[in-house]
Amino acid sequence: MTGTDEGCVRIAAVGDVHLDADVVGRYRPALEHLGGKADLLLLAGDLTRHGTPEEAACVAREFGGLAVPVVAILGNHDYHSDRPEEVTAVLRDAGLTVLECTGTVLECNGIRVGVAGTKGFGGGFAGACASEFGEPEMKAFTRHGRELAARFGEALAALECDVRISLTHYSPVPETLLGEPVEIYPFLGSYHLAQAIDGAPGVGLAVHGHAHAGSERGTTPGGVPVRNVAHPVIRQAYNVYQLTVSSVLTPA
Ligand SMILES: [Fe+2]
Ligand SMILES: [Fe+2]
């Protein structure tokens, strides 16, 4: 127990912290008080600037050893040096759970909190999306996003839990991109992710990052609350979202 009311779970989340040797330490003072404010912390990708193991060590210092479990995904920046496996290993050595088209279930206040995560990918949204047509490069771009979302959706639906949470880097909806140039929406998210979220039973919250100039709040077509927690959007070390079990329980 962490002191919250029975039936509630408090989800802290932030993305796009973009840590390196110059930034490490910025978030830690606020994180030291996390245990009294949240039951777990979600990191929505772009944890580093260029995806090096050295920068991952900065992430490990910043987010390791906290009072609550930390569940993370990687973002596109964390792939930039083509070393995502090494970055992931450094984070796991620090005790973080790192997801990619996988899920985990944590016990918080007697509630089974399931989180499935993926970096996800772009491709765009209804009426302005890429299609698997033409050049092989275009087909590969589009297929990558669709396949990641499909695998993510399977992981999300398979969670055996009381509260089901989606954690992605790219956005599942256009609403939380408001503020970004419309021309780059296809590089910021994909409707395939929203389909995956809406295809799983009883998702209570969908958290993402990546859109630094976007907006915090949106909703999937199926009614799941979406929150863009990119640090430049929320402008603090983390936001906390409280979910009550009765509102998110999977229907029998
Ligand atoms: Fe970012
Ligand atoms: Fe990003």
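The preceding data block contains the structure.
Computed from a prediction, not measured in an experiment: that's the story for all the values here.

Just give me the short version of the coordination of the iron ion (ligand 1), but keep the residues and values in it.
Surrounding the iron ion (ligand 1) are the protein donor atoms Asp16 (OD), His18 (NE2), Asp46 (OD) and His212 (NE2), at 2.1 to 2.3 Å. Around the iron ion (ligand 1) sit 4 donor atoms, and with donor-metal-donor angles ranging over 88 to 167° the site reads as irregular. Each donor residue of the iron ion (ligand 1) belongs to the same chain, and together they define the spacing D-x1-H-x27-D-x165-H. A spacing of 3.5 Å is found between the iron ion (ligand 1) and the iron ion (ligand 2), which share Asp46 as a donor. Of this pair, Asp46 sits in the loop between β2 (40–44) and α2 (53–63) while His212 is found in the loop between β10 (203–208) and β11 (217–219), placing the two residues 166 residues apart along the sequence. Residue Asp46 is classed as buried on the basis of its relative accessible area, which comes to 1%.

Quick rundown of the environment of Arg143? Include the residues and the values.
Assignment of secondary structure puts Arg143 in helix α4 (residues 136–158). Judged by relative accessible area, which is 32%, Arg143 ranks as partly exposed. Put simply, Arg143 and Val226 are 83 residues apart on the chain and 24 Å apart in space, counted from C-alpha to C-alpha.

Got a sec to walk through the sheet that holds strand β13 (residues 239–244)? Specific residues and values, please.
With respect to topology, 5 strands assemble into an open sheet ordered β4-β3-β2-β1-β13, the strand pairing being mixed. A strand with exactly one partner marks an edge of an open sheet, and here the two such strands are β4 (97–98) and β13.

Outline the coordination of the iron ion (ligand 2), supporting the account with residue identities and numerical values.
In this structure, Asp46 (OD), Asn76 (OD1), His169 (NE2) and His210 (ND1) serve as the protein donors to the iron ion (ligand 2), at separations of 2.1 to 2.2 Å. Viewed at the metal, the 4 donor atoms of the iron ion (ligand 2) are separated by angles of 90 to 155°, and the geometry they form is irregular. Counting residues between consecutive donors of the iron ion (ligand 2) along the chain gives the motif D-x29-N-x92-H-x40-H. In this structure His210 comes out as buried when scored by relative accessible area, which is 11%.

Any details on empty space enclosed by the protein? Residues and values, ideally.
Tallied over the entire structure, the rule returns 1 cavity of 30 Å³ or more. A volume near 40 Å³ is recorded for the largest cavity. In this structure, the largest cavity is lined by Gly122, Gly123, Gly124, Cys129, Ala130, Thr142, Arg146, Ser190, Tyr191 and His192. Looking at the lining of the largest cavity, the elements with two or more residues in it are α4 and α5 (191–199). A per-class count over the lining of the largest cavity returns 3 nonpolar, 6 polar and 1 charged.

Requested: an account of the packing of α2 against helix α3 (residues 84–93), with residues and values cited.
Between α2 and α3, the least distance of the axes is 9 Å, while the angle of their chain directions is 25°. When the interaxial angle is binned, α2 and α3 end up roughly parallel. Relative to α3, the crossing made by α2 is right-handed. Where α2 abuts α3, its residues Pro53, Ala56, Ala57, Val59 and Ala60 lie against Glu86, Val87, Val90 and Leu91. Split into classes, the residues belonging to the contact of α2 with α3 amount to 8 nonpolar, no polar and 1 charged.

An account of the environment of His169 is requested, with residue identities and associated values reported.
Counting through the fold element by element, His169 comes out in the loop between β9 (163–168) and α5. Owing to a relative accessible area of 0%, His169 belongs among the buried residues under this scheme. Along the backbone, His169 and Val245 are 76 residues apart, and their C-alpha atoms lie at a distance of 25 Å. Within polar-contact distance, the side chain of His169 engages the side chain of Asp46 at 3.2 Å.

Give a detailed account of the packing of aromatic side chains, specifying residues and quantitative values.
Here the structure, examined in full by the defined rule, presents 4 aromatic pairs. Taken together through their ring pairs, the aromatic side chains of Phe121, Phe141, Tyr170 and Phe187 make up a single cluster. Over the face of the ring belonging to Tyr79 we find Lys119, whose NZ or CZ atom lies 5.3 Å from the ring centre.

About the criteria used
Residues numbered from 1 in each chain as written. Chains lettered and ligands numbered in written order. Predicted model: local features only at pLDDT ≥ 70, side-chain atom pairs only at ≥ 80, totals over all residues. Heavy atoms only, no water. Donors = N, O, S within 2.8 Å, 3.2 Å for Na, K, Ca; no water. Tetrahedral: all angles 85-135°; square planar, octahedral: opposite > 155°, others 65-115°. Helix = DSSP H or I, 4+ residues; strand = E, 2+ residues; numbered from the N terminus. Buried < 20%, exposed > 50% of the residue type's maximum accessible area, 1.4 Å probe, protein only. Pairing = 2+ DSSP bridges. 1 Å grid on protein atoms, 1.4 Å probe; cavity = no way out; pocket = protein on both sides within 12 Å on 5 of 7 lines; lining within 4 Å. Points joined across faces, edges and corners; volume = space filled by probe spheres on them. Nonpolar A, V, L, I, M, F, W, Y, C, P; charged D, E, K, R; others polar. Axes fitted to C-alpha atoms, helices over the stretch in contact; angles between N-to-C directions. Parallel < 35°, antiparallel > 145°, perpendicular 65-115°, else oblique. Left-handed = near helix turned anticlockwise from the far one by under 90°. Contact = heavy atoms within 4.5 Å. Polar contact = N/O pair within 3.5 Å; in protein donor to acceptor, adjacent residues only side chain to side chain. Phe/Tyr/Trp six-rings, centres within 6.5 Å; stacked < 30°, edge-to-face > 60°. Lys NZ or Arg CZ within 6 Å of the ring centre and 35° of its normal.

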